[in-house]
Amino acid sequence: MWLPRFLNAVLLAVGVQAAVLHPQIPSVQSFYPEEQVFTLSPETQILVDEAYAFDCGSHSNGPTLLDFAETFRSDLGYMTSFTLPPVQVTPFSQAHIDGGDSVIVLTLNSSSSHTLYSGAPTPEAYDFLVSESSYVISGSGPIGAWWGTRTLLQQLALSEQGYNGTYTVPAGNGTDSPGWEVRGFMLDAGRHWYTTEFLAELCTYASFFKINEFHIHASDNLWIPSLLYGPDWRSLYSGFRFKPPRDSPVAGLVPHRNESWSSTRFVNLQSHCARRGVTIVPEIDTPGHSLVISQWRPQLMLNATPDSLNLSYPETIPTIQSIWSQFLPWFSSAEVSIGADEYVSSLANQYVTFVNEMSSYIRGTSGKSIRIWGTYEPSNMSSISTNVTIQHWDFPSASIPLDLLGSGYRVINSEQAFLYLDGKIPAEGGFPQTLNVSLLFSGATAEGGGWAPNIFTASDPANNTAYNSTGLRGAIFALWNDWGPNATTPLETYYQLSQSLAVFAEKTWAGSGIRSSELTKEQFEAAYPPLNARAPGQNLNRAMKNKTPGDIVFAFKDLPSLPFHTGVESVGPPYTLSFSVRPCPSDVRTRRDTMDAKLFKGTDSTLYASSLTLSSNAEYYPLPPAFQLQPDVWTNVTIQATRERTFATIVQEGGHSETYWYQTTLNIWGDNLAQANMSFAAPSAIIGSEGFGGDIANVVLRID
């Protein structure tokens, strides 16, 4: 690499100002700029090296280099609004670098020597060589080339479009490689239902920041002791999200079939995520957190402990294995998680036997390895197989990560002090809703350093490992839904994850105090807003293109007929939706949780006439019982939302005004009930419904 350094020094010495990369997320390991710029235009051609076009790396059924190129072309068009030429497969030669046509080339370097910090080789690294006419990305594997396309897209997102409609990025050459193998996030889908469409959008967004794993916690239950350990334990909410066929021996395991994923939907989700470089790691949690299994097969539960299974009962382990045998063929990942979290510590011997049996069973059945949550048992009992990866999350003793690594285990850092989030928090206590940016940049160690996967505690340096520790695989942060399905909307989940994913990506790609090119907190905070706003392939912000605060999305004084389709599916906060409504008597009656009279409906939410109830994800949030629209009377309604709250101002005939907040009730471990505000996207696609018999007028939706 001496030549680029020398040329750069010469350029600076003679007063030539070379363009530099914008600080991006995660940071690029190194880049040596030149004087020129590469220009991207609608005529730019994406080329795939014929020698590697159908290379899918270590995954025989994974995306090929050509697959990644096709997805990249789609993202590039999304971001620039260019209609680009089709991707071409062609032999790669020096002529592509020296030629005059604008080209982006994806190829592989079969002799790549890139490694993780541990010294292990990685397929996720890439080099890039940029001239006036070419941008060549050379991956150490197809996934490395894919991450290289994310770097280019981020530079475009951080650049202004030129006066002639083109974009430019600095010429030069760079290299980039992740520090750790595992850079992921976990979402608790056992206590909260999410559609595969929403999860796919999350994958797309996370991929933009080079996040490579999505751990889906697919089974669990609420923890309300008075119900769980009392006579009504069968009524406590539990979830199991994989939906077997109705004739399957485990069909009865799924308590909410309308809130579960079919094989086709889950396979398609995995494929979508894989084409964006993200591996889904599914988790079915046993023998603890297993109320859903006890509700199905009560004879398997531990006496008086319905959320734990009795591993000594002869049918328990075979039943768990039968569940896995149903779903293992669905899973494309090389690893799965069996959970194995928070089991009764006095039964450690049975627990260790169970983990090892499951490791052997899953490996023998599918060739996959397993992960478990690291709690008391793995550190107290040394007989768990070292083929099992331990996902550390808690410190029941002083040096668990060091003990595990020293015993030959591979470890993933999910330490709750840094990496646990919760769906909503009560007024006091609980986990935060987002990762703490300041903590991760400068408060994670006793010396005031930043966080990285080798940091397990802020108070005791002796319990942190070297950044290049051989067994340290990386880190996964976790978003739990302890308060259940009514605590958040899916978009509120995204609001929690959006910046958290970005800061976590920087710290798991580059680390802290290791590379001179890593971002400062100020650089991160400057880069994040435009990258969040322009992340391609999804619209989780539910943003309106070319609309700024104060702009009107639509305005209708009178509507020709109902239902009326606006062409605007959903609008994210902040916004103001105002309208006048005159319902008929049948519009404002409530029948259980289902109401026919819809005032507004969108992709993410629906507004009903009865109690002006907002719904999202099959949960309903009425205004307080004191409020109800008056039949046959005109009422003016103004609904305003931010990402933190939604409220309605009601003005009925006579001019009296009242403001009401949309809230939900959280059951905090059975100890107390807490009120929490809700945020909703505007239900903007359809005004009125077949079941609404009244009138709607003066509709205005404005971006705030």
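Okay, so let's go over this structure. (Residues numbered from 1 in each chain as written. Predicted model: local features only at pLDDT ≥ 70, side-chain atom pairs only at ≥ 80, totals over all residues. Heavy atoms only, no water.)

The next subject is helix α10 (residues 348-366). Look at α10: 27 Å from first C-alpha to last across 19 residues, which is about the 27 Å you get at 1.5 Å a residue. Turning to α10, its buried residues number three or more, namely Ala348, Tyr351, Val352, Phe354, Val355, Met358, Ser359 and Ile362. Viewed along the axis of α10, the buried residues span an arc of 160°, placing them on a single side of the element. In α10, the exposed residues that point more than 90 degrees away from the buried face are Asn349, Ser360 and Gly364. Within two residues after α10, Gly367 carries a phi angle of roughly 80°, on the positive side. (Helix = DSSP H or I, 4+ residues; strand = E, 2+ residues; numbered from the N terminus. Expected span 1.5 Å × (residues − 1). Buried < 20%, exposed > 50% of the residue type's maximum accessible area, 1.4 Å probe, protein only. Arc of directions from axis to C-beta.)

Reading across from one edge, β1-β7-β5-β6-β4-β2-β3 is the order of the seven strands in this open sheet, with mixed pairing throughout. This sheet does not close on itself; its edge strands, each paired only once, are β1 (30-40) and β3 (88-90). When strand polarity is set aside, the average angle formed by the axes of neighbouring strands in this sheet is 25°. Note that strand β5 (residues 126-130) and strand β6 (residues 134-139) share five bridges and pair antiparallel. Each bridged residue has a counterpart across the sheet, and for Val130 the counterpart in β6 is Tyr135. (Pairing = 2+ DSSP bridges. Axes fitted to C-alpha atoms, helices over the stretch in contact; angles between N-to-C directions.)

Pairing is antiparallel in the open sheet, where six strands are placed in the order β21-β34-β23-β28-β29-β30. Only two strands of the sheet have a single partner each, and these edge strands are β21 (552-556) and β30 (657-661). In this sheet, neighbouring strand axes are inclined to one another by 15° on average, regardless of whether the strands run parallel or antiparallel. The pairing of strand β28 (residues 635-641) with strand β29 (residues 646-652) spans seven bridges and is classified as antiparallel.

Following the criterion strictly, the structure yields 19 salt bridges and no others. A salt bridge links Arg276 to Asp75, with the shortest nitrogen-to-oxygen separation between them at 2.8 Å. Residue Arg276 is found in the loop between α7 (263-274) and β12 (279-286), and its partner Asp75 is found in helix α2 (residues 65-80); the two are separated by 201 residues along the sequence. Each member of the pair Arg276 and Asp75 is classed as buried. Residue Asp695 pairs with Arg582 through a salt bridge whose shortest N-O separation is 2.9 Å. Here Asp695 is found in strand β34 (residues 695-703), whereas its partner Arg582 is found in strand β23 (residues 575-582), with 113 residues between them in sequence. Within the structure, one salt-bridge network assembled from shared partners comprises Glu181, Glu213, Glu335, Arg371 and Arg473. (Salt bridge = Lys/Arg side-chain N within 4 Å of Asp/Glu carboxyl O.)

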